[in-house]
Amino acid sequence: MAIASSLSISHDLSSFGSRAMRWWLPAAFAMPATSIGWSLFGDLRLEVGVAAAVLVLFGWRGFLSAFIGIMIVDFALAPGVELAVTLLLATTLSAAVCGLLLRHSPALRGFARRAPAIQFFVATGSGSAIGAIATLPASDAIVAALNLWLCLWASALLSGPLLIELLPTTTQRPTRRVPITLLGFFGLAMVATINVSLADSARIPLLAVAAMVATMGLVIASPKRLLLSLVLVLIAAVLAAATTGVPAFTGAPIASLVTLTLVPLLLAIGQADRQLIQNHDSQAAGESTFDAVMRFLPVGIFRLGIDGRIRYTNPMFQTLAGLNANSFRGWLETINAEDRERIGKAWEHLREGATAFDEIFRGGEPGTLRWLSARVSPEYEHGAVVGYIGTVSDITTQHLAEEARARSDAQSRAVVDNAVDAIVTIDAVGTIASFNRAAHRMFGYPPAEAIGQNVSILMPELHGARHDAYISRFLATGEARIIGIGRELDARRKDGSTLPIHLAVSEVVVEGHRTFTGIMRDISLERSDKEEIRRQNERLSVTVRNAPMGIVTYRFGATFASTNRAFESMIGYSNLELSKLDLAALTQMDDRRELKRLTDDARSGRIEQYSLRLRMLHRSGTPIHVVVHNAITHDQHGVPDLIIAQIEDLTAQMHAQEAERIHQDRLTHVARLSTLGEMTAGIAHEINQPLTAISMYAQSGVRMLDAGIPKPERLREALEKLSAQSLRAGAVIDRVQRLVRKQESSFETVHINELIGDILRLAESDARVNDTQVVLDLAGDLAAVRADPIQIQQVLLNLIRNAIDSMRGIECRHGSVITISTHAIDGDAIEVAVADLGTGVPEDVVEKLFTPFTTTKANGMGMGLSICRSIIDAHGGQLSFRNNPDHGATFYFQLPTGHSNET
Amino acid sequence: MKPDRPLVHVIDDDEAVRDSISMLLETEHIEHAAYASAIDFLNVYNDTMCGCLVLDIRMPGMTGLELQETLNQRNTSLPIIFITGHGDIPMAVEAMRRGALDFLRKPFGEDDLLQRVKEALTRAVENRATLEAQTQIHEHFALLSPRETEVFERVASGQANKFIAIELGISERTVEIHRSQVMKKMGARSLAQLVRMKIDLDRAATG
């Protein structure tokens, strides 16, 4: 319905007026206008427009009031009943047309919404024009209608800003009030002037304008402005008269009179109304205040009938809900499809008796999506629901912010909740504000249970009792004991058990509220780890302290960092004294350089561990032979840092070794003598040969001299040969003496073939004595070996002797030949073999051949081979034997040549 | 058979010993020859050799004792003076048992050696004479007829002619004739000489 639609729009204008004004103002407006129209034109063109305008402005009630007013004037002034009927029809028709126009022209409607004044003039103009067309003769009617139409349209356009400024239809008021107002009045004056200049009679527009100005003055209820506008109108009229030559008041004295008479009346009425409003305002919250509040309220307000139809809405509701809805259902159709069903259900729920409807949903077109929050409550009258009243607000901004915050909160919460550490926040008085999942696990309190309690529930009772005091102290003094530092302490679980935790507390001030966030880590494992480490350390330190070997630590170039008991007793200083000494100070001067060299190497990282022999000095000055095994540890940057040295006292060991060596040397010597003893015949022979020769040569010389005929050449020859033989004898004795001499073993670089040649001179005579032939098969270019020549010769002699002996028996029928051979093995050893053609080693002796006191000889000691083996062992070789496939046995040994490079 | 001059044969593998002994012998103008081994000596040896051996016992190849054995088998009467740097008693006894003249331990005095050498040379001459005499006896003995041999056997055994005659079944006179014939053929000037010849022959037969 067009009229219903315009009715809803009319709220815009009517809402600012009081209820009383809505009833009598239209009539008060319409009646003088109608009488003016009759008096001026003799017809009803003016009141038709007025009626339409009233209908638009004030709605049905206003129109009814105006209509009654107009009817009274009409019937009083009109010359007949038919005119009154015509009037009625025309008025109704114009209102309908006006309403249709507004309804079906969105542009016009939007324009009108923004400028209700234009709406007013459109309605007035349209209505007047239609009225004129309907009631006047064709030619006059067209001219008059067009004239009035144009006049009103121009007025509306020009005075629009003025009215916008004057009428509080928008929340934003123009600030430059005076110029716009003046412009508006000036505009009116210009319209009047134009009308006058165009019309054959100036009175029509002039008076029409004057009436409207008066009406405006009434509406705005400002006497000063009204007077100003009247003055302007008069000026305009005078000007018009002057320009057109038509007297301003000619033919219209009555109209002018009526107008001038009516003005004070209208003023009085306007003032009375203003007074009424002000009184009303002062007594209670005035209705105009209510309307203003409704208008300005950023919340949409709506009132629904029991049937759900919308009875009342404020501008914000229309903005939020759109203009098309006239029922709650209709409105729901416009909201987001996703929310529609839910909201519909909530609405049905409310209608079925629920006490509240509080929903959030999305409205508006896609792209301009808005989040709306609607609350609806039933309205009761005498205990029965008579309707619903509700609010709707745009919470898009808040909702988006809320969503963002919710997301960030959810993230934070997820972080907090899933944190491994327990996170608990408390407020300034110690009340738990949040309690994450880890805290739940750690303390056994579900978050819901913990939140709201004092944080002291998490502390052992002693601390718990004091905690409030701690917080107070912190708040009072700002002196932090834990905050920002973190410490380890005990916490209490729900079941009363305690656990060690590490607590870090941070203070956060949010919007002036201090909160404390405690991050707690269960350190019972760490603590048990620490305990384990402590125990290990203790075990280690006890072990080190009581180790039988000296163990010390020191940093490069520093004194001992630690020493153990074994070292202290080894060196004769106390722990305290040693802490002021370093390793070098305790080392004999000769060994310090080597120590320093290796230490420097270790310090530079070239070596990680090293061992060296040192002679250290006991406190008493006695040298101690030690071997020091050093291991380097590094600091966190990987720089060599600490030396851990194990010091082994070799003194006793060396003494034992020395004793063993002496014993071995003695034994070897005895064995050597024994061997030589067995060889005395050969040795004697070897010495006796040159002695015999010496003796003979000497006597030859003597006899030559005695003969008295000395032959110097012969004598000389004899003496020279004699001398040579004495040297020969001496050499034999030397050789024997070397073997006989009791001396410590000493290693030299020797060539094995030379050794063999040397010993053979001794052995040969023995061999000869025993009819044994010695054959040599020596490899050339053999590497030198590091050996004790005497001991190796002893071994060779022994083997040769044994070979000779093995071939002396009667049962030996294969000749008596000894073959001594040498050859290199694999480049780093040489092998010496002594082979014979004797009886070989009997089966029953093979096993124990090298054990002492094993012999096959009638008068053998059984020491020879045993000692030979130990000698070869000491040289890093091995003495073995094999029975030859044909006859006899071969004894052979290897000597390493690897050491030969050392000298 | 031309009798050689007596020679001292020095056999020793030790050159110095050999040389020095040679020099000593030279100062005494004793003729000598030196050999480095027993084999060397055997290579030049012949039965008519006269002189003595200064022989080292221990030598590679053939030892002194082996050489002695060889010479003994050849019935040589060269006296041997053993010299040794290794004088063990059993060896010395063995050498002496085999007829060595002496056994000198190195080193020995030059007088000892020279005395023994001279002695040996004398012995060698004697030996050679004895040898020659015996050779003669054998030669003479070979000339005897069988009857003369029978008579010689019995005369030399000291039997009276009468008993010989009875034993042989011949007359005493015939015995006397054979006897004188034997004496003549054997070159014996007396019964005693004949007896000695008989002993020599017997010894040669048994030895």
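Residues numbered from 1 in each chain as written. Chains lettered and ligands numbered in written order. Predicted model: local features only at pLDDT ≥ 70, side-chain atom pairs only at ≥ 80, totals over all residues. Heavy atoms only, no water.

K.L.:
Tell me about the interface of chain B and chain A, and please be specific about residues and values.
P.N.:
The partner chain A presents 24 residues to the 28 residues of chain B that form the contact. Both faces considered, chain B and chain A share a buried interface measuring about 2,200 Å² in area, 56% of it formed by carbon and sulfur atoms. Ionic pairing is found between Lys721 of chain A and Asp19 of chain B, a salt bridge with its closest N-O pair at 2.7 Å. Applying the counting criterion to the chain B and chain A interface returns 11 residue pairs in polar contact (both at pLDDT 80 or more). Elements with a minimum of two residues in the side of chain B that touches chain A: α1 (15-27) and α5 (110-143) of chain B. A per-class count over the side of chain B that touches chain A returns 11 nonpolar, six polar and 11 charged. (Contact = heavy atoms within 4.5 Å. Buried area = accessible area lost by both parts, 1.4 Å probe. Salt bridge = Lys/Arg side-chain N within 4 Å of Asp/Glu carboxyl O. Polar contact = N/O pair within 3.5 Å; in protein donor to acceptor, adjacent residues only side chain to side chain. Helix = DSSP H or I, 4+ residues; strand = E, 2+ residues; numbered from the N terminus. Nonpolar A, V, L, I, M, F, W, Y, C, P; charged D, E, K, R; others polar.)

K.L.:
Outline the sheet that holds strand β14 (residues 623-634) of chain A, listing residues and values.
P.N.:
All names here are of chain A. In space, the five strands of this open sheet follow the order β12-β11-β15-β14-β13, with antiparallel pairing throughout. What marks the edges here is a single partner per strand, and that holds for β12 (560-563) and β13 (609-617). Here the strands of the sheet are splayed against their neighbours by 25° on average, with no regard to which way each runs. Pairing between β14 and strand β15 (residues 640-649): nine bridges, direction antiparallel. Paired with Ile632 across the two strands is Ile643, which belongs to β15. Of the strands in this sheet, β13, β14 and β15 are in contact with helix α24 (residues 651-678), which crosses β14 at around 130°. (Pairing = 2+ DSSP bridges. Axes fitted to C-alpha atoms, helices over the stretch in contact; angles between N-to-C directions.)

K.L.:
I'd like a description of the confidence of the model for chain A, backed by residues and values.
P.N.:
For chain A, per-residue confidence averages 72 on the pLDDT scale, and residues scoring 70 or more make up 64% of the total. When the elements of chain A are averaged for pLDDT, helix α1 (residues 2-14) of chain A gives the smallest value, 37, and strand β20 (residues 829-835) of chain A the largest, 91. (pLDDT = per-residue confidence, 0-100.)

K.L.:
With reference to specific residues and values, describe helix α8 (residues 172-186) of chain B.
P.N.:
All names here are of chain B. Spanning 15 residues, α8 covers 21 Å between terminal C-alpha atoms, matching the ideal 21 Å at 1.5 Å per step. In the core, the buried residues of α8 are packed alongside α5, α6 (146-156), α7 (161-168) and α9 (191-206). With its phi angle positive at about 75°, Gly187 sits one or two positions after the end of α8. (Expected span 1.5 Å × (residues − 1).)

K.L.:
Lay out the pattern of salt bridges with the relevant residues and their values.
P.N.:
For the coordinates displayed, the defined rule picks out 46 salt bridges over all chains. Here Glu341 of chain A makes a salt bridge to Lys345 of chain A, at a shortest N to O gap of 3.7 Å. You can see Glu341 of chain A and its partner Lys345 of chain A sitting in helix α15 (residues 337-351), four residues apart, about one turn around the helix. We note that Glu341 of chain A, like Lys345 of chain A, is exposed. The salt bridge involving Asp358 of chain A is made with Arg375 of chain A; its shortest N-O contact spans 3.4 Å. Taken together, the residues Asp358 of chain A in strand β3 (residues 357-363) and Arg375 of chain A in strand β4 (residues 370-381) connect sequence positions 17 residues apart. Residue class for Asp358 of chain A comes out partly exposed when judged on its relative accessible area of 43%. One salt-bridge network, held together by shared partners, links Arg703 of chain A together with Glu28, Glu110, Asp111 and Lys118 of chain B. (Buried < 20%, exposed > 50% of the residue type's maximum accessible area, 1.4 Å probe, protein only.)

K.L.:
Which residues make up the sheet that holds strand β9 (residues 498-510) of chain A, and what values do they have?
P.N.:
All names here are of chain A. One open sheet holds the five strands; their spatial order is β7-β6-β10-β9-β8, and the pairing between them is antiparallel. Looking at strand neighbours, the two that pair on one side only are β7 (432-435) and β8 (487-492), the edges of this open sheet. Strand-to-strand, the axes of this sheet are offset by a mean angle of 35°, without reference to chain direction. Sheet analysis places strand β6 (residues 422-427) next to strand β10 (residues 513-522), joined by six bridges and oriented antiparallel. In the sheet register, Ile423 faces β10, and the bridge partner there is Ile519.

K.L.:
Describe the environment of Asp788 of chain A, and please don't skip the residues or the numbers.
P.N.:
Residues and elements named next belong to chain A. One can find Asp788 in the loop between β18 (785-787) and α28 (789-806). Residues Asp788 and Val750, spaced 38 residues apart in sequence, show a C-alpha to C-alpha distance of 8.1 Å. Filtering out sequence-adjacent residues up to four positions away, Asp788 remains in contact with Ser745, Ser746, Phe747 and His875. Of note is the side chain of Asp788, whose polar atom sits 3.1 Å from the backbone nitrogen of Ile790.

K.L.:
Break down the packing of helix α25 (residues 680-706) of chain A against α1 of chain B for me, with residues and values.
P.N.:
In contact at an axis separation of 8 Å, α25 of chain A and α1 of chain B are set at 20° when each is read in the N-to-C sense. Between α25 of chain A and α1 of chain B, the interaxial angle falls into the category roughly parallel. Handedness of the α25 of chain A/α1 of chain B crossing: left-handed. Contact residues: α25 of chain A offers Gln689, Thr692, Ala693, Met696, Tyr697, Gln699, Ser700, Arg703 and Met704 of chain A, while α1 of chain B offers Ala16, Val17, Asp19, Ser20, Ile21, Met23, Leu24 and Thr27 of chain B. Classifying every residue of the contact of α25 of chain A with α1 of chain B by side-chain character gives nine nonpolar, six polar and two charged. (Parallel < 35°, antiparallel > 145°, perpendicular 65-115°, else oblique. Left-handed = near helix turned anticlockwise from the far one by under 90°.)

K.L.:
Can you lay out the packing of aromatic side chains for me, pointing to particular residues and giving the numbers?
P.N.:
Residue and element names in this part refer to chain A. Counted according to the given criterion, the structure contains 10 aromatic pairs over all chains. Ring centres of Phe881 and Phe891 lie 5.4 Å apart, and the angle between their planes is 25°; on these two criteria the pair is classed as stacked. Placement of Phe881 in strand β21 (residues 879-883) and of Phe891 in strand β22 (residues 889-896) is noted, with a sequence separation of 10 residues between them. Here the two residues Phe881 and Phe891 agree in accessibility, since each one is buried. Through a chain of ring-to-ring contacts, three or more aromatic side chains come together here, namely Tyr554, Phe560 and Phe567. Over the ring of Tyr892 we find Arg882, and its NZ or CZ is 4.6 Å from the ring centre. (Phe/Tyr/Trp six-rings, centres within 6.5 Å; stacked < 30°, edge-to-face > 60°. Lys NZ or Arg CZ within 6 Å of the ring centre and 35° of its normal.)

K.L.:
Lay out a nonpolar patch on the surface with the relevant residues and their values.
P.N.:
All names here are of chain A. Residues Ile306, Tyr380 and Val385 make up a contiguous nonpolar surface patch of roughly 260 Å² in combined accessible area. With respect to the helices and strands, Tyr380 occurs in strand β4. We classify Tyr380 as partly exposed; its relative accessible area is 47%. (Patch = residues over 30% accessible without salt bridge, like charges linked within 9 Å, V, L, I, M, F, W, Y side chains within 5 Å. Areas by Shrake-Rupley, 256 points an atom, 1.4 Å probe, with all protein chains shown as cover.)

K.L.:
So what about the pairing of β14 of chain A? Which residues, and what values?
P.N.:
Residues and elements named next belong to chain A. Here β13 pairs with β14 via nine bridges, running antiparallel. From the neighbouring strand, Ser611 faces β14, where its bridge partner is His629. Hairpin connection of β13 to β14: five residues between the antiparallel strands, including Gly621 at a positive phi of 95°. From the end of β14 to the start of β15, which pair antiparallel, there are five residues, and Gly638 there has a positive phi angle of about 85°.

K.L.:
So what's going on with the nonpolar core? Which residues, and what values?
P.N.:
Residue and element names in this part refer to chain A. Judged by nonpolar contacts, the single largest core of 52 residues is most densely connected at Ile752, Ile792, Ile818, Phe891 and Phe893. With nine residues, α28 is the largest single contributor of residues to this core. Sequence-distant contacts of Phe891, defined by excluding residues within four places in its chain, comprise Leu799, Val832, Ala833, Val834, Val841, Leu849, Phe850, Leu865, Ser880 and Phe881. One finds Val424, Leu458, Leu499 and Met520 within the second-largest nonpolar core, a separate group that totals 25 residues. (Core = buried A, V, L, I, M, F, W, Y, C linked by side-chain atoms within 4.5 Å.)

K.L.:
Describe unusual backbone geometry, and please don't skip the residues or the numbers.
P.N.:
The step from Lys106 of chain B to Pro107 of chain B runs through a cis peptide bond, and the omega angle for that step is -10°. Summarising the element assignment, Pro107 of chain B is placed in the loop between β5 (102-105) and α5. For Asp781 of chain A, which is not a glycine, the phi torsion comes out positive at approximately 55°. Structurally, Asp781 of chain A can be placed in the loop between β17 (773-778) and β18. Notably, His29 of chain B is not glycine yet its phi reads approximately 55°, a positive angle. With respect to the helices and strands, His29 of chain B occurs in the loop between α1 and β2 (32-35). The exposure class assigned to His29 of chain B is exposed, which follows from its relative accessible area of 71%.

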